[in-house]
Every structure is written in structure tokens, then in C-alpha cells.
Amino acid sequence: MDHKKRRASTIRRLHRSLGVAAAIFILFMVISGMVINHSNGLGLDQHHVSQPFLLGWYGLDAPEQIHSFAARDNWISYAGSQLFLDDSHITSVSNGVGAVFSNNMLIAASSDELLLLDTSGQLIERQSWGPPEAGPIESIGLLPDGTVVVKSTGQLWMADAELLGWQPAKETISKPTWSTSEPAPLPLIQTITQQYRGEGLSVERVLLDFHSGHIFGPMGVFIYDLLAVAVGFLSISGLVLWIRGRRNGKRSNGVK
Amino acid sequence: MSEALKKIYLLVVVISMPSLALAATVYETHTEFLNRAFSGTPPEPDVIWLSGERKSSVRELLGHDYAALRLRYWCQSERSAWVLDEVGKDLPITVGVVIEKNYIKSLRVLTYRENRGGEVSTPAFTDQFNGIALTSDDSLDQSIDGITGATLSVQALSRLATVALYLHADSGCKNGS
């Protein structure tokens, strides 16, 4: 009988200690789980983290290089795989090679596509670099009359007035002015760098990683596993204590 | 920073950001799509601008502005072909839609970039769109069966089907011009 009492007392003590320790964890899991369930509605997938510590923790460093091109009164910059118009992030793009302004449009060129923007940064069209016989775009420039021209594996290609189609340029055309990378103002570079790091990490992602323990690495996942086992133990020990309490209650009622 | 700590950081990034490691899946190039749509002889592209009332209508159909202001489409007789993009969860899905006489003739995913929900790219799913038209209140006249785990992608494809049908009717192509 004493042995049974001692065992019940041990379970009760363990249940109490683990319950207190797990309470914070359970509360955190409940709240974070509820927030994650509504992350789309709350717009957490659209908001990005800007805290330097968190960005550093995720290894989101500044881009290795930022290439900026002056077009009209604007700066078009390629930071890693991101395109910026002045200090506004526009979209993802790979291997930016230049930018020009023509026909009231800003034209940003990468090795395999052209992005047509209005001066407010609204995307007009994203054109895959199409001529089947053409290689990757090497550079983009303007003829003296404003015609957009690109160089692709040594061949020059001229756009039509609406920038809808491309034709091989004749050898007799005037010499184009090629878009070349220029040093942009330092404050602009700093703003782009800050945005570049922030665009890579949504609040939803951080919350998901906190919820799963991944944010603390493999050890975090292991600790979360232990806490989950503790919660499992609490439910079993609670059940055992409840059954014992019920049985003891019935017995004492019978004695009376 | 110690080597061990660097490894932990790297592991955190690898574990927590798996989508970065996944490349886009191209099921059909634009050229292949157009050749299929027009039996190997696609016409020259036309252009439609998303401005004014058309822009508002597309915004209503998508729930947001379309990502571009100018769209190319290809029209021959009463058949038109559209290449449209719409974000499923995080990344744009590129879809090719062929419309003939105000009915969808075919809808195919050309490029899928999301890391989940790729089941919408299978013909078994996209064939559901064949023969669908718009109702008078600009919605699809048949329901599309969903796929568990790909809800957002299914919704994105349904929105694009609606927009393509609307643009076809709004362009001159419905008259065969």
C-alpha cells in the first residue's frame, strides 16, 4: 500500500513539475499555431523581416555586388537576383546587363529577358529574349534616334517602335550608346542593401521556424521533441492520477 | 564565428528555406505552346493593354492587379492563345490557355515554380478546364475539382482561366479578327 502511495506521489510531483515547465511551451505553440493558421489573412507572408540580427541568423548577407545603370532620371540596379528601380524593389531577375529609357519606358535587360517598366516602376511587360537563333543578351543600348538595340553573341538586334519584335540590325546602322554600370549614390546603395536582405525572409517563415524549432537548428528540433514527449507524459500522468483519485474516492466512500 | 556555429547557421537555412533550392519546372516552352495551339504555324502576336475599365475588370476577377500592363496574345480565326502568370502561394505559375469561340480549348501549366501543389500541372487536372466558358457574371460555368494540398494553385489556375476567357471576349479575336 505504501509503495503504491509513494508511486502516486512521485507521478503527482512529476506531473506538477513538468506541467509548470511545459505550460509556457504549450501556450507558445497554441498562440503561434493560431497565428500561422491565419498568416495569409494577417498578411504575414507579405511582410518581411528587417531586424539585422534575424537576417544575420538566417545567413541573409548583403549582395556581393550591386550593378547600377542610369536611365533617364532613374537608377536601375541589379542586386544579386533582385531588380530595383531607384530604392523600390521591382522583381526577381537574373544576370542583369543594363538598362535604357526609350519610348516612355524603362527597359531593364538581363541575359535572357527584357523587363519593360513605366517610370513609376509598374511592370509593363516581361519579355523572354526570343529570337531562336540568338544567344544570351550581352548588353543593351540606344541608337541616336532612340531605337533600342541589344547585343547578343556579337550580333546586334533592333527593337521595333513598340518594343514588340526584334530584327537583326544591318551593318550600316549608327554606333549605339551602350548602357554601362555606374557608381550609384551611397545612400541609395545602402537602402537597396537593406531591402535586399529583408525581401528574402517573410514574417511567416520566421514564425513557422519558431513553431517547429528549426530556427534553433537541429538542437532546437530535438528540444521541441523532448517538450512534445513531456506534453504526452502530462496527458498520461494526468489520466493515471485522475483514475487513481476516482478509485480512492470510491474506496473511502465505501469505508464510510 | 566558429566553424561549428557556421555549420549550424547553414543547416538552419537549408532546413528552413527548402524552397530556395527548388528550381522552376518548365513543362512546355512558349514556342512549343504556340506551335501546339496553332498546329505549327502561330500568327504574329497582338497586344492588349490592361488600362481603364479592362484593368478594373481584371482586378475584380483576380482580386488584385495583374502583374503587367501589356499582354501579348495570338489570334487566328476565332482561336486565341494567352500566356498568363499568377502567384499561387509565393511564386508565379505560368499558364498557357487556348480559347476557341469563347470556350477553353486547352489549359496547360507551362512553368511551375512553387515547391508544393505541382499536381495542378498534370493533364488529368488541367483537362477539367476544357470546354469551360464564362457565365453572364464572369465566372466559370463549370466547377473545378480541387486537389488537397494544392488549393492555392488550383485557385490561381481558375482565376487565370477566367481572365483569359474575359480577355478573349474583350479582344477582337472573338470575331475572328
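To be clear, the structure that these remarks concern was listed above.
J.: It is not clear to me how the nonpolar core should be interpreted in this structure. Could you clarify?
T.: Note on soluble globular proteins: their nonpolar side chains tend to be buried together. Counting residues in each nonpolar core, the largest one holds 38 residues, and the members touching the most others are Ile104, Phe129, Leu157 and Leu167 of chain B. For this core, the elements supplying multiple residues, two or more each, are helix 3 (52–62), strand 3 (70–76), strand 4 (79–87), strand 5 (92–100), strand 6 (103–112) and helix 5 (151–170) of chain B. Sort the elements by how many residues they give to this core and helix 5 of chain B lands first, with 10 residues. In this view, phenylalanine 129 of chain B contacts Ile104, Leu107, Leu140, Ile144, Leu157, Ser158 and Ala161 of chain B; residues no more than four positions away in its chain are not counted. Core analysis: the next-biggest nonpolar cluster, separate from the first, contains 19 residues, Val100, Met105, Leu114 and Trp157 of chain A among them.

J.: Where do I start with helix 5 of chain B in this structure?
T.: Given a rise of 1.5 Å per residue, 20 residues ought to cover 28 Å, and the 29 Å separating the end C-alpha atoms of helix 5 of chain B matches this to within 8%. Of all 20 residues making up helix 5 of chain B, 15 are buried, and the element is well covered by its neighbours.

J.: I'm lost on the packing of helix 3 of chain B against helix 5 of chain B in this one. Help?
T.: In a pair of packed helices, the angle between the axes and the distance between the axes together describe the arrangement. Residues and elements named next belong to chain B. Between helix 3 and helix 5, whose axes approach to 9 Å, the crossing angle comes to 155°. Between helix 3 and helix 5, the interaxial angle falls into the category roughly antiparallel. The handedness of the crossing between helix 3 and helix 5 comes out as right-handed. Counting all contacts with helix 3, which are made through Glu53, Arg54, Ser57, Val58, Leu61 and Leu62, the residues of helix 5 involved are Arg159, Thr162, Val163, Tyr166, Leu167 and Asp170. Taken together, the residues of the contact of helix 3 with helix 5 break down into six nonpolar, two polar and four charged.

J.: Any chance you could explain the state of the cysteines here in plain terms?
T.: By definition, a disulfide links two cysteine residues through a covalent bond between their sulfur atoms. Residues and elements named next belong to chain B. Tallied over the entire structure, the rule returns one disulfide over all chains. Shown here is the disulfide that connects cysteine 75 with cysteine 173, its sulfur atoms set 2.2 Å apart. Across the S-S bond of cysteine 75 and cysteine 173 the torsion is about 95°, and the bridge reads as right-handed. Of the two residues, cysteine 75 is situated in strand 3 and cysteine 173 in the segment after helix 5; the sequence distance between them amounts to 98 residues. What makes cysteine 75 buried here is its relative accessible area of 11%. Overall, the relative accessible area of 0% leaves cysteine 173 in the buried class.

Thresholds applied
- Residues numbered from 1 in each chain as written.
- Chains lettered and ligands numbered in written order.
- Predicted model: local features only at pLDDT ≥ 70, side-chain atom pairs only at ≥ 80, totals over all residues.
- Heavy atoms only, no water.
- Core = buried A, V, L, I, M, F, W, Y, C linked by side-chain atoms within 4.5 Å.
- Buried < 20%, exposed > 50% of the residue type's maximum accessible area, 1.4 Å probe, protein only.
- Helix = DSSP H or I, 4+ residues; strand = E, 2+ residues; numbered from the N terminus.
- Contact = heavy atoms within 4.5 Å.
- Expected span 1.5 Å × (residues − 1).
- Axes fitted to C-alpha atoms, helices over the stretch in contact; angles between N-to-C directions.
- Parallel < 35°, antiparallel > 145°, perpendicular 65-115°, else oblique.
- Left-handed = near helix turned anticlockwise from the far one by under 90°.
- Nonpolar A, V, L, I, M, F, W, Y, C, P; charged D, E, K, R; others polar.
- Disulfide = S-S within 2.5 Å.

The quantities given are spatial measurements derived from coordinates; they are silent on function.
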